[in-house]
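# A structural walkthrough
The chain contents come next:
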Amino acid sequence: MMGNNKEESPSRVPVPPSKPFLTSLKSNLKETFFPDDPFRQFKKQPLSKRIILGLQYFIPILEWAPHYSFDFFKSDLISGITIASLAVPQGISYANLANLPPIIGLYSSFVPPFIYAMLGSSRDLAVGTAAVASLLISAMIGKVVNPIQNPQDYLHLVFTATFVSGVMQASLGFLRLGFIVDLLSHATIVGFMGGAATIVCLQQLKGILGLTHFTHETDLISVMRSIFCQTHMWKWETALLGGSFLFFMLLTRFYSKRRAAFFWINAMAPLTSVILGSLLVYFTMLRNTVFQWVESTISEPDGFQITVSDNGYQDGDHHRNYCLVAEGVAVGRSFAMFKNYHIDGNKEMIAFGIMNIAGSFTSCYLTSGPFSKTAVNFNAGCKTAVSNIVMAVAVMITLLFLTPLFHYTPLVVLASIIIAAMLGLIDYEAAIHLWKVDKFDFLICINAYVGVVFGSIEIGLILAVATSLLRLLLSIARPKTTVLGNIPNTMTYRNTEQYRFAQQVPGILILQIHAPIYFASANYLRERILRWTYEEENRTKSSAETSLQYVILDMSAVGSIDTSGISMLDEVKRNTDTRGLKLVLANPGSEVMKKLCKSNFIEIIGHDWIHPTIARAVGACSFALPTSKNNSVGDGANTQDINIWPQDESENPD
């Protein structure tokens with residue numbers, strides 16, 4: 001001991017000074033909502049500079065536009081024209097999928113990209129309509145209003161849903177709740193997107209087979225029943241044409257993947273298919289007998305009106321928002337990693353929200369950042385979000401001058417375009433990877449896929465999120481505990497299951513807890529620690545080894561503890577005392593030490609039995625053991641070594 005300097009001894013774990021409640025609350029809120037500390041750039045800046053920095057933070061285009069160069073513009077021009085050639089046919093196709101007039105799909109690729117170019121933080125994200133969003137709108141709002149019988153009411157509900165979705169997205173961003181998106185795991189997104197893509201492909205068989213009547217349900221059984229109950233209505237001409245265009249687009253995609261320099265071939269394939277299909281219908285007599293085409297539905301819709309339904313269509317908005325925001329942010333972050341820059345999830349949600357709010361007032365429906373279009377934009381060599389502006393201008397020119405050319409576009413070609421795009425979303429390779437790496441993640445993925453395909457969009461998403469939350473709760477309620485042993489000739493302690501050559505210290509049981517201790521896990525940890533103790537006692541008795549004397553709990557991974565956890569430690573302490581054992585703590589963190597001090601547990605266990613490292617704890621226990629029992633503590637971890645402060649320790653078990 002060191003007399004008056006006892007509390008400052010390096011062999012003891014200090015109790016950090018307590019902070020005032022308001023200071024602690026402020027710190028916790030800052031870490032929760034502002035982990036990136038966005039206000040650090042405003043510190044020690046004059047008022048004028050703060051105003052400029054604030055505008056640049058919320059309107060990123062003001063930050064990079066002054067440094068924009070002509071070389072960047074040349075790259076963005078090529079990228080913008082390339083994705084515009086993809087946006088026009090996809091806009092018409094996805095609008096048809098959502099049971100909307102085709103011109104709505106073109107509007108949705110015109111206004112939102114302008115907004116995102118000013119507010120978005122991604123240089124690569126290409127904004128536009130998405131197949132999954134179109135399917136969700138058709139499935140959910142179609143249950144409330146029939147798009148064929150009441151087209152105006154259906155259209156107003158779509159605009160209202162877009163407005164509500166935008167408000168929710170922007171609110172999540174302004175309230176700094178971007179971390180909520182992280183609850184939708186990668187496995188969930190893979191399964192959900194794959195299931196939605198499967199359903200979309202099956203529904204496009206209506207156009208491929210030339211059917212006029214089709215189910216509005218989205219589950220596999222209903223879709224297949226609708227197809228095979230109308231075998232007498234199948235048209236081989238549309239099937240042949242649709243299969244040919246589908247083969248053409250898949251072939252161009254395959255070739256583009258093999259030769260990256262020819263990415264533009266895949267990007268131009270949908271527009272080429274639309275042009276060829278329109279010419280075929282126009283110059284043949286089949287348009288009057290076989291093919292269904294876009295006709296005069298490319299006309300200007302009514303303006304925005306807020307429409308409220310008594311049936312509560314908004315219930316689906318939460319699922320739709322959650323999935324689209326997660327997809328858009330995930331896509332942006334994926335491509336940002338390739339260019340080594342950061343994407344702010346909260347700013348992205350604000351950008352998505354405002355562009356959908358603005359879009360709802362300009363005859364646009366829900367838009368996001370689809371992966372397929374973003375991949376084309378990235379491969380085309382885009383440098384900034386100006387590529388979205390170029391795309392929007394190209395779509396505007398199409399709206400002003402070229403819409404009559406799409407009058408004879410056959411629906412079978414649009415169906416082929418959608419199927420070709422959706423096949424790329426069925427990521428079976430990712431599912432196989434999940435199976436190899438983590439079976440539970442694979443189960444989450446399959447739950448989402450099966451729920452969407454055999455149930456509905458809502459059921460699939462609910463199943464996936466519920467399974468993900470179940471896993472999260474299990475990891476909290478059933479944290480892992482492991483037995484540690486000494487690595488020979490070192491003072492390092494590792495998991496004995498992973499390191500087979502690690503040796504347990506005679507008379508000492510070292511356990512590591514791998515998670516914070518909360519009320520949900522307290523009872524389990526108590527039972528698990530006592531079980532480890534019983535098993536170790538039985539093992540030493542049966543093998544005639546040194547009897548168990550000490551139980552060391554490595555607390556290095558315990559970031560926090562609540563009152564239930566402290567009560568658990570107190571119960572374990574009393575139980576070990578009754579069995580003639582001594583409980584020892586190693587390396588508890590500052591938050592844990594503060595709570596143990598306030599609860600008087602330190603006085604109960606004794607400060608001398610709380611050590612900063614496992615080696616210190618083992619050294620103290622070995623020194624206290626009777627000489628006859630101190631026969632060996634490992635080749636490099638004997639009593640003399642352990643009582644010396646290590647110069648270079650690594651005691652955080654893998």
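Let me sum up the structure you'll find in this document. Bear in mind the structure is a predicted one, so any value in this text is a computation, not a measurement. (Residues numbered from 1 in each chain as written. Predicted model: local features only at pLDDT ≥ 70, side-chain atom pairs only at ≥ 80, totals over all residues. Heavy atoms only, no water.)

## Description of the environment of M568
- By secondary structure assignment, the location of M568 is in helix α23 (residues 563-578).
- Residue classification places M568 among the buried positions, given a relative accessible area of 1%.
- Separated by 47 residues in sequence, M568 and S521 have C-alpha atoms that sit 9.6 Å apart.
- Among residues more than four places away in sequence, those in contact with M568 are I517, A522, L525, R526 and I529. (Helix = DSSP H or I, 4+ residues; strand = E, 2+ residues; numbered from the N terminus. Buried < 20%, exposed > 50% of the residue type's maximum accessible area, 1.4 Å probe, protein only. Contact = heavy atoms within 4.5 Å.)

## Describing the sheet that holds strand β5 (residues 582-586)
- Pairing is mixed across the open sheet formed by six strands, whose spatial order is β2-β1-β3-β4-β5-β6. The open sheet terminates on both sides in strands that have one partner only, identified here as β2 (493-495) and β6 (610-611).
- Pairing geometry for β5 and β6, over two bridges, is parallel. By the bridge assignment, A586 is partnered in β6 with H611.
- Seen against the sheet, helix α22 (residues 519-543) touches β1 (481-486), β3 (508-513) and β4 (550-554) and runs at an angle of roughly 155° to β3. (Pairing = 2+ DSSP bridges. Axes fitted to C-alpha atoms, helices over the stretch in contact; angles between N-to-C directions.)

## Brief notes about the side chain of T384
- Following the sequence through the fold, T384 ends up in the loop between α16 (371-379) and α17 (386-402).
- Owing to a relative accessible area of 7%, T384 belongs among the buried residues under this scheme.
- At 2.6 Å, the side chain of T384 forms a polar contact with the side chain of D76.
- Leaving out residues up to four positions away in the same chain, T384 has contacts with W64, Y68, F72, D76 and R123. (Polar contact = N/O pair within 3.5 Å; in protein donor to acceptor, adjacent residues only side chain to side chain.)

## Focus on a nonpolar patch on the surface
- A cluster of nonpolar side chains, contributed by V393, M396, I397, L400, F401, L402 and L405, occupies part of the molecular surface with about 650 Å² of accessible area.
- With respect to the element layout, V393 can be found in helix α17. (Patch = residues over 30% accessible without salt bridge, like charges linked within 9 Å, V, L, I, M, F, W, Y side chains within 5 Å. Areas by Shrake-Rupley, 256 points an atom, 1.4 Å probe, with all protein chains shown as cover. Salt bridge = Lys/Arg side-chain N within 4 Å of Asp/Glu carboxyl O.)

## Re the pattern of salt bridges
- Counted by the stated rule, this structure contains eleven salt bridges.
- The shortest N-O distance in the salt bridge between D577 and K573 comes to 2.5 Å. Taken together, the residues D577 and K573, both in helix α23 and four residues apart, mark about one turn of the helix.
- Taking the relative accessible area as the measure of exposure, D577 reaches 37% and is therefore partly exposed.
- Of the residues examined, K573 reaches a relative accessible area of 5% and is grouped as buried.
- Taking the shortest distance from any N to any O, the salt bridge between E591 and K594 comes out at 3.2 Å. Residue E591 and its partner K594 are located together in helix α24 (residues 590-598), separated by three residues, close to a single helical turn.
- Taking relative accessible area as the criterion, E591 reaches 38% and is therefore assigned partly exposed.
- What makes K594 buried here is its relative accessible area of 14%.
- One continuous salt-bridge network, built from bridges that share partners, spans D438, D441 and R471.

## Overview of unusual backbone geometry
- Even without a glycine there, the phi angle at N99 is positive, about 60°.
- Its location among the elements puts N99 in the loop between α4 (70-97) and α5 (102-107).
- Judged by its relative accessible area of 32%, N99 falls in the partly exposed class.

## Comments concerning the packing of helix α20 (residues 439-454) against helix α21 (residues 457-477)
- The contact between α20 and α21 brings their axes to 6 Å, and the two run at 160°. Relative to α21, the element α20 is oriented roughly antiparallel. The two elements α20 and α21 meet at a crossing, and its hand is right-handed. Seen from α20, the contacting residues are F440, D441, I444, N447, A448, G451 and V452; seen from α21, they are I457, I459, G460, L463, A464, T467, S468 and R471.
- Its residues assigned to classes, the contact of α20 with α21 shows eight nonpolar, five polar and two charged. (Parallel < 35°, antiparallel > 145°, perpendicular 65-115°, else oblique. Left-handed = near helix turned anticlockwise from the far one by under 90°. Nonpolar A, V, L, I, M, F, W, Y, C, P; charged D, E, K, R; others polar.)

## Remarks on the pairing of β3
- In terms of burial, β3 is a largely internal element, six of the six residues being buried.
- For β1 and β3, the ladder comprises three bridges, and the chain directions are antiparallel. By the bridge assignment, V483 is partnered in β3 with L511.

## A look at the packing of aromatic side chains
- For the structure on display, the rule yields eleven aromatic pairs.
- For the pair Y57 and F58, a centre-to-centre distance of 5.1 Å together with 90° between the ring planes defines the contact as edge-to-face.
- The class for Y57 is buried, based on a relative accessible area of 15%.
- With a centroid separation of 5.9 Å and an interplanar angle of 20°, the aromatic rings of Y116 and F352 are classed as stacked. Of the two residues, Y116 sits in helix α6 (residues 111-119) while F352 sits in helix α15 (residues 345-360), which places them 236 residues apart along the sequence. Each member of the pair Y116 and F352 is classed as buried.
- Put simply, the rings of W64, Y68 and F72 pair up and form one aromatic cluster.
- Here the basic side chain of K347 rests over the ring of Y57, its NZ or CZ set 4.6 Å away from the ring centre.
- The positively charged end of K439 is found above the aromatic ring belonging to W435, 4.7 Å away from the centroid. (Phe/Tyr/Trp six-rings, centres within 6.5 Å; stacked < 30°, edge-to-face > 60°. Lys NZ or Arg CZ within 6 Å of the ring centre and 35° of its normal.)

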